[in-house]
Each structure stands twice: as structure tokens, then as C-alpha cells.
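So the chains spell out like this:
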Amino acid sequence: MNRRDLVRWLGLGAVTHAARRTLFAHADTAHFGAASRSASPSFDPDVELSLSAAPGEASILPGAATRVWRFTGSVLRGPPDSLQAVPDSYLGPTIRLRRGQRVRIRFTNQLPGSTIVHWHGLDVPALMDGHPRLAIAAGDEYVYEFEVSNRAGTYWYHPHPDLRTGPQVYQGLAGLLVVSHDEESALRLPSGEAELVCILQDRQFDAQNQLMYLGGGMMDQMQGFLGDQMLVNGKLRPTMSLATRAYRIRLLNGSNARIYKLRWSDGTPMTVIGGDGGLLEQPVRQRYLTLAPAQRADVILDLSTHAVGATLALETAAYAASEVSMSAAGMGGMMRPSAVPNGTARSLMTLDVARRERAPWVLPTRLSTFDAAWDRPADGPMRRITLEFRQMQWLLGGRTFGMLDVAEEETVPAGSTRIWELANVGGMMGMSMAHPIHIHGRQFRVLSRQRANGAVPPPGSVREGLIDAGWRDTVLVLPGDTVRLQMHFTEHPGLYLYHCHILEHEDAGMMRNFKVV
Ligand code: C2O
Ligand code: CU
Ligand code: CU
């Protein structure tokens, strides 16, 4: 095929594909969009919140305010600090819950279109999980009721409607959900003023400071949207004024498609104490921390030996874009390269060591112990799931999303333990990308990660920052990698999702149901 044929053929593919995914959107919504749910009188909550999603404004860049969509909320019952605003930001309030609490969240959709909220990382009954079939129409309410059963840790919430998750999150709909528990509180980790939240997102703005999305059309959709500005907590390169003490920093990569390779500018090692599903068994100290979309990390930054007046920055370090996105020559020529591709080095946030404070604290060497599920052997055959590019689409196990589609091998008994092998085999014309694969329900354990060509990663690789330890709900599967997960499936029966958390891939159908029976 010569280049001109290729262009034409890709064009056709693009049209057919895009058409299928947008024309039927209305049908889907009409068919599945009447899912509002009211409170159940028999559920007696410890915490009751109201949460709404609505258009609003935020000041992000100097000058004109930016039109955004945002979550706001209030506490109707329970501890008043169950919601904590992210100051001066479009981000949703941080929801703070304790393990064991019974929670009711009254969600109202004040957006122009349909939506539904997903509690990313939480193990909740299927009707509480925010599956796209449960999307509610503009003006409707969906009442969530569940008990918090997760380990203490950093989770998050975001919309999950079919075809529109990417744009809705991009317009500002995302927030952190922090679970605490006595076992963790006993460690006396830095808290209160000494606990910081950092949500990383990239955006692109027009000359009037308004958000731009998918300007590159089909190609952006295929590669995932990368903005040219990297924000922390909804601010461009913010400065935090800190003291000479230890801090706990909860990091979330809330970007649609960008993969960060984080480090401290002054060479201070990254001390990672937790991942997606709470504390690790022991701290991991390394130069870099790679964070893929939807992944979280809990990091300790001890400034007690820094001098007052010192400054350091949180940076994303350089790596080769080809490590996470590659294509053969013909296709490569066609890709509109992003102005700020993955692997671009940037300073994200400045930390000023501004005050002396004496708060002696020693990081425990042992952080937590995992429950029996960690070591439980698989009770069924291993399942291999390919991640590949075919017929101009990203496929998950050879298939794309259908609202209620479940295959035989996607059906699992409640509470069973299985090994799923994710094989990133690439595909057509050498197209291959890193895919952060996320599974709803329980957290999983990464058993192994194999590279196609073995060997140690080259210096400067994005792999230098990977952490697979501890409980995870999202794992980055790099091109050529085969990653084995051990998954203890939720005890709650019903329909759940697994998908790529590059939101453009998810919206384009790199998502499937699994059914717990
Ligand atoms: Cu964070 Cu199914 O998503
Ligand atoms: Cu999720
Ligand atoms: Cu993907």
C-alpha cells in the first residue's frame, strides 16, 4: 500500500469508526438513560453527601476565566470534614471516608447531557459502580448507597458515561476520595497541614483561555489527548510554601493520556509508601516514579534536613516518546505529533522551604500487612487478554465495548481468584502504545511483568520509575510487555468494567464488561 492509498484507507476507517461510535450514542442513551435511583429507606448512613456536576468557571491562567464543568457538594450528615474543597480549583471536593462507614451520596446531574459517577478503586455493589448503562439524564438524581470496605488509601471519582468520559473528565469533573482506617492512623503518618494532595492533569487552551479538546481529531483519539500545559490541582506551576518537616503527598494522575516520570529536582529520592490500593508493605525509594493515567501514589517528602530558603520542584523527567507510542514509518508520518509529546520534561510545581518547624518523625520500615487474598492461589484457568490495534481500533481481548456484552471468559464467580495476562502485542502497521489497564471492583496484585526483548531498560527509560508493588487497580502495560495479574474478584454480583484508562481509548471502545455471578 502506498502512502496515498494508506491515507484514503485510514480516512475511510476513521469515518466508519467515528460514525459508529457517535451516531449510535443517542440510541444508547435513550435505551439506557433512565436509570435514576432514589434513596432506600432501609439504608441508614453514617455519612450522607450531596454532590452535583454542573457547568461553572475557574481561573486557571492569568486573564479570562475558563469555562469548566465541576463537582460541588455538601455534607448532609456525618463528620463535617467528609468533604474538603481543593482551594481555588475546578477540581471536585476531596471526599474523606473511613473504612466501615455507610455512605449515601445524592448525585444530581446539572450538566447539559447525561452522565454517571464512578468511584475509581472502590469495591461497591454493581448498581453503585457508575457503569455507563446507569447514566442519568440532565436534571436527574442518582442516589449511591454503599459501605466503605476498601483499605485506607487514595482513590478518586470521575464520570463514566459511554463515549463521553474523556471530554467530561477533561472539562474538570474529577476529585479525590480518601479512605482512612485505624490500622493506618496508628502509623502516625504526616497528616493535617502535613498532608498534601497533588492532582496532575494536562490541558490545552485557546487564546481566550478556553479549553480545547481533540483538536487533532482522529489521530488525537487514536493516540490519546495530550495537552501542552501541565496543571497541578488545576493550577499552572503552583508554588507551595512548606516547613522543615516531613510531608505526605497523595498524587493522582488525573490526565486523559499523559504518563509522568516524576522526580524531585534536587535529587531527593522518591519515597513511595502507597499505591492505588493503600500502603505498601514497606517503603520503596527510587529516583523516579512513573505514574500512568488513573494511577495514584502516596509519597513521603522529608524536608527536615533542608535549609530554610531552599527550593525544589516536582518535575516530570524526559523519556523517549517512542517508549509509549510507536508506529511503523508509514503510519508515523501520518501522526500529527503532539506539541508536547509524552516524555517531555517539565517542572510541575515549586516547593519553597519557607519555615522552620520541628516535628521529629521517622518513617516506619514496616507499613502494612496484606490480607489473605494476596497469597490466595488462582481457582480457575489463566486468561490471556491481548491489547492490540486492528481495523483502526484498539481492541481488548480482540473485542470492543458493547453496553451489555459479556463473553463466556468474561464471566467469573463472585469472590473467585483468577490470573489475567495482559499482552500488549501492538498490531497493524507497527502501531503500538502503552495502555494503563484498569479493572473495576477489587484491587489486584501484579504477579509478573515480562518484556518482549528481556534485558534491562536503557538509562532514561520510563521503566525506571515503574512500581508494580502493592494492591493496584490500574497497571501500565508498555509495548511488548506481558503483565500477569492476580485478581480476587468482588463478592458483589453484576456487571463491571475493565478498560484502558487512556480516556480516548476507553471512549473509542477499548473497554469490556465482566460479569460476576
Ligand atoms: Cu477510573 Cu472505569 O474508571
Ligand atoms: Cu474504576
Ligand atoms: Cu489504551
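Remember, predicted model here, so these are calculated numbers, not experimental data. (Residues numbered from 1 in each chain as written. Chains lettered and ligands numbered in written order. Predicted model: local features only at pLDDT ≥ 70, side-chain atom pairs only at ≥ 80, totals over all residues. Heavy atoms only, no water.)

### Observations concerning the overall build of the protein
Scanning the protein for helices and strands turns up 6 helices and 34 strands. Computed over C-alpha atoms, the radius of gyration of the protein comes to 22 Å, within 12% of the 24 Å expected from 2.2 N^0.38 for 517 residues, which places it in the range of a compact globule. Referenced to the eigenvectors of the C-alpha coordinate spread, the extents of the protein come out at roughly 70 × 55 × 55 Å. Counting the 517 residues in the protein, one finds 58% classified as buried. Partitioning the intrachain contacts of the protein with sequence separation of at least 6 by distance along the chain shows that 81% fall at a separation of at least 24. As displayed, the protein has an accessible area near 19,300 Å², and 53% of this comes from carbon and sulfur atoms. Distance between charge centroids for the protein: 3 Å, based on 52 positive and 50 negative side chains. (Helix = DSSP H or I, 4+ residues; strand = E, 2+ residues; numbered from the N terminus. Rg over C-alpha atoms; globule rule 2.2 N^0.38 Å. Buried < 20%, exposed > 50% of the residue type's maximum accessible area, 1.4 Å probe, protein only. Contact = heavy atoms within 4.5 Å. Areas by Shrake-Rupley, 256 points an atom, 1.4 Å probe, with all protein chains shown as cover. Lys, Arg positive; Asp, Glu negative; His and termini not counted. Charge placed at Lys NZ, Arg CZ, Asp CG, Glu CD.)

### Side note on the packing of aromatic side chains
Overall, the coordinates contain 19 aromatic pairs when judged by the stated rule. Between the NZ or CZ atom of arginine 102 and the centre of the ring of phenylalanine 43, over which it lies, the distance is 4.4 Å. Over the face of the ring belonging to tyrosine 288 we find lysine 261, whose NZ or CZ atom lies 4.1 Å from the ring centre. (Phe/Tyr/Trp six-rings, centres within 6.5 Å; stacked < 30°, edge-to-face > 60°. Lys NZ or Arg CZ within 6 Å of the ring centre and 35° of its normal.)

### Quick word on the coordination of the copper ion (ligand 3)
Only His435 (ND1), Cys500 (SG) and His505 (ND1) from the protein coordinate the copper ion (ligand 3), and they sit 2.0 to 2.2 Å from it. Coordination of the copper ion (ligand 3) draws on donor residues from a single chain, spaced H-x64-C-x4-H in sequence. As far as the burial class goes, cysteine 500 and histidine 505 line up, both buried. (Donors = N, O, S within 2.8 Å, 3.2 Å for Na, K, Ca; no water.)

### Focus on the sheet that holds strand β31 (residues 474-477)
Strand order in the open sheet formed by 5 strands is β25-β34-β33-β28-β31, and the pairing between neighbours is mixed. Two strands bound the open sheet, and with one partner strand each, they are β25 (411-412) and β31. In terms of strand pairing, strand β28 (residues 435-439) meets β31 through 4 bridges, oriented antiparallel. Paired with histidine 438 across the bridge in β31 is threonine 474. (Pairing = 2+ DSSP bridges.)

### Overview of the sheet that holds strand β32 (residues 482-488)
With mixed pairing, the 6 strands of this open sheet are ordered in space as β24-β23-β26-β32-β29-β30. Two strands in the sheet have a free side with no partner beyond their single neighbour: β24 (393-396) and β30 (471-472). Across 6 bridges, strand β29 (residues 444-450) lies against β32 in antiparallel orientation. Residue arginine 445 lies in a different strand from β32, and its bridge partner there is glutamine 486.

### Focus: the confidence of the model for the protein
On average, residues of the protein score 91 in pLDDT, and 91% of them are at 70 or above. Confidence over residues 1-31 falls short of pLDDT 50; this stretch has 39 contacts with residues more than four positions distant or in other chains. (pLDDT = per-residue confidence, 0-100.)

### With respect to the environment of alanine 339
Tracing the chain through its elements places alanine 339 in the loop between α5 (329-334) and β22 (346-355). Residue class for alanine 339 comes out exposed when judged on its relative accessible area of 70%. Sequence spacing of alanine 339 and leucine 226 is 113 residues, and the spatial spacing of their C-alpha atoms is 8.5 Å.

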